[in-house]
Amino acid sequence: MHDDDLRRRLIDEATRIVADSGVGGLSVRAAAQAAGTSTTAVYSLFGSKDGLTRAVLVRAFEQFAGAQEVATREDDAVSALGIAYVGWALENPRLYELMFGLSTVGIEPSEETEAASARAMAPLRHAATAAIDAGVFRPAEPATVAASLWAQVHGLSLLLLAGRFPDDADPVAAGSAVVAGWRALG
């Protein structure tokens, strides 16, 4: 009765709820009702509301990872990853906030959420390593380069989402500045 199909349907509906209303709009009852099942099914499949929220978090990271993986096919993968990152955040602000905001404070991470998070950021780490190895970026620790680039696009995303990015500033040029800094050889 509580099979994988129902589990997927509940995650689909819970993800839609969070995308529309934020994690604060997610309740066991609302997800069950949207999926056409009972709250008992949610508790049976996820254990708690936190378990359902973790499943939505994993789904968000999977969707984000898919967008990042597509961006790595571009000639300038690092810049394409930054553009895809910010674009995904702007298209999915409430899921982005679930992934990188404070809305999951108090929800214990799981092996599944940690693996999904790592997969989502792997394309950037790989692109930074490739750029360093190819001599496109100056020699540096790849994890540091990836973290620097991530911080740049994360901050840019948050400023744009909050409506705090200056109207007279170009977000693409701002994002390119950090990439240009890492490209400076020497």
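Use the structure listed above.
Residues numbered from 1 in each chain as written. Predicted model: local features only at pLDDT ≥ 70, side-chain atom pairs only at ≥ 80, totals over all residues. Heavy atoms only, no water.

## Digging into the overall build of the protein
Move 1: Looking only at helices and strands, the protein has 9 helices and 0 strands in total.
Move 2: With the C-alpha coordinates of the protein rotated into their principal frame, the extents come out at 60 × 35 × 30 Å.
Move 3: With 186 residues in all, the protein has 39% of them scored as buried.
Move 4: Restricting the contact set of the protein to residue pairs at least 6 apart, pairs at least 24 apart contribute 65%.
Move 5: If you sum the accessible surface of the protein, you get close to 9700 Å²; carbon and sulfur atoms cover 53% of it. (Helix = DSSP H or I, 4+ residues; strand = E, 2+ residues; numbered from the N terminus. Buried < 20%, exposed > 50% of the residue type's maximum accessible area, 1.4 Å probe, protein only. Contact = heavy atoms within 4.5 Å. Areas by Shrake-Rupley, 256 points an atom, 1.4 Å probe, with all protein chains shown as cover.)

## Here we look at the packing of helix H4 (residues 49–71) against helix H5 (residues 77–91)
Relative orientation and spacing of two packed helices are given, respectively, by the angle between their axes and the distance between those axes.
Move 1: Direction vectors running N to C along H4 and H5 enclose 145 degrees, while the axes themselves pass 8 Å from each other. The handedness of the crossing between H4 and H5 comes out as right-handed. In this structure, H4 contributes Ala60, Gln63, Phe64, Ala67, Gln68 and Ala71 to the contact, and H5 contributes Ala77, Ala80, Leu81, Ala84, Tyr85 and Trp88.
Move 2: Of the residues assigned to the contact of H4 with H5, the class counts are 10 nonpolar, 2 polar and no charged. (Axes fitted to C-alpha atoms, helices over the stretch in contact; angles between N-to-C directions. Left-handed = near helix turned anticlockwise from the far one by under 90°. Nonpolar A, V, L, I, M, F, W, Y, C, P; charged D, E, K, R; others polar.)

## Considering the packing of aromatic side chains
Move 1: Evaluated as defined, the whole model comprises 8 aromatic pairs.
Move 2: With a centroid separation of 6.1 Å and an interplanar angle of 75 degrees, the aromatic rings of Phe64 and Phe100 are classed as edge-to-face. Highlighted residues: Phe64 in helix H4 and Phe100 in helix H6 (residues 93–100), separated in sequence by 36 residues.
Move 3: Each residue in the set Phe61, Phe64, Tyr85, Trp88, Tyr96, Phe100 and Trp150 is aromatic and connected to the rest through ring pairs, giving one cluster. (Phe/Tyr/Trp six-rings, centres within 6.5 Å; stacked < 30°, edge-to-face > 60°.)

## Let's talk about the pattern of salt bridges
Move 1: Here the structure, examined in full by the defined rule, presents 5 salt bridges.
Move 2: Put simply, Asp5 and Arg9 hold a salt bridge, and the shortest N to O gap is 3.4 Å. Of this pair, Asp5 and Arg9 both sit in helix H1 (residues 4–21), separated by 4 residues, roughly a single helical turn.
Move 3: Look at Asp5 and you get partly exposed, because its relative accessible area is 42%. (Salt bridge = Lys/Arg side-chain N within 4 Å of Asp/Glu carboxyl O.)

## Focus: the nonpolar core
Move 1: Formed by 57 residues in total, the largest nonpolar core has its most connected members in Tyr85, Met99, Phe137 and Leu149.
Move 2: Here the element with the most residues in this core is H4; it accounts for 10 residues. (Core = buried A, V, L, I, M, F, W, Y, C linked by side-chain atoms within 4.5 Å.)

## Topic: H5
An α-helical segment advances 3.6 residues per turn. Residues three or four places apart therefore align on the same side.
Move 1: Over its 15 residues, H5 extends 20 Å from the first C-alpha to the last, a length consistent with the 21 Å expected when each residue adds 1.5 Å.
Move 2: Of the residues making up H5, those classed as buried are Ala77, Val78, Ala80, Leu81, Gly82, Ala84, Tyr85, Val86, Trp88 and Ala89.
Move 3: If you follow the buried residues of H5, they end up packed against H4, H6, helix H7 (111–133), helix H8 (142–161) and helix H9 (171–183). (Expected span 1.5 Å × (residues − 1).)

## Quick word on a nonpolar patch on the surface
Move 1: A cluster of nonpolar side chains, namely Leu90, Leu158 and Leu161, defines an oily patch on the protein surface of about 230 Å² accessible area.
Move 2: Following the sequence through the fold, Leu90 ends up in helix H5.
Move 3: In this structure Leu90 comes out as partly exposed when scored by relative accessible area, which is 41%. (Patch = residues over 30% accessible without salt bridge, like charges linked within 9 Å, V, L, I, M, F, W, Y side chains within 5 Å.)

## With respect to the packing of H6 against H8
Move 1: Put simply, H6 and H8 touch, their axes get as near as 12 Å, and they point 135 degrees apart. By the angle between their directions, the pair H6 and H8 is classed as oblique. H8 is crossed by H6, and the crossing has left-handed handedness. Of H8, the residues touching H6 (which contributes Pro93, Tyr96 and Phe100) are Trp150, His154, Ser157, Leu158 and Leu161. (Parallel < 35°, antiparallel > 145°, perpendicular 65-115°, else oblique.)

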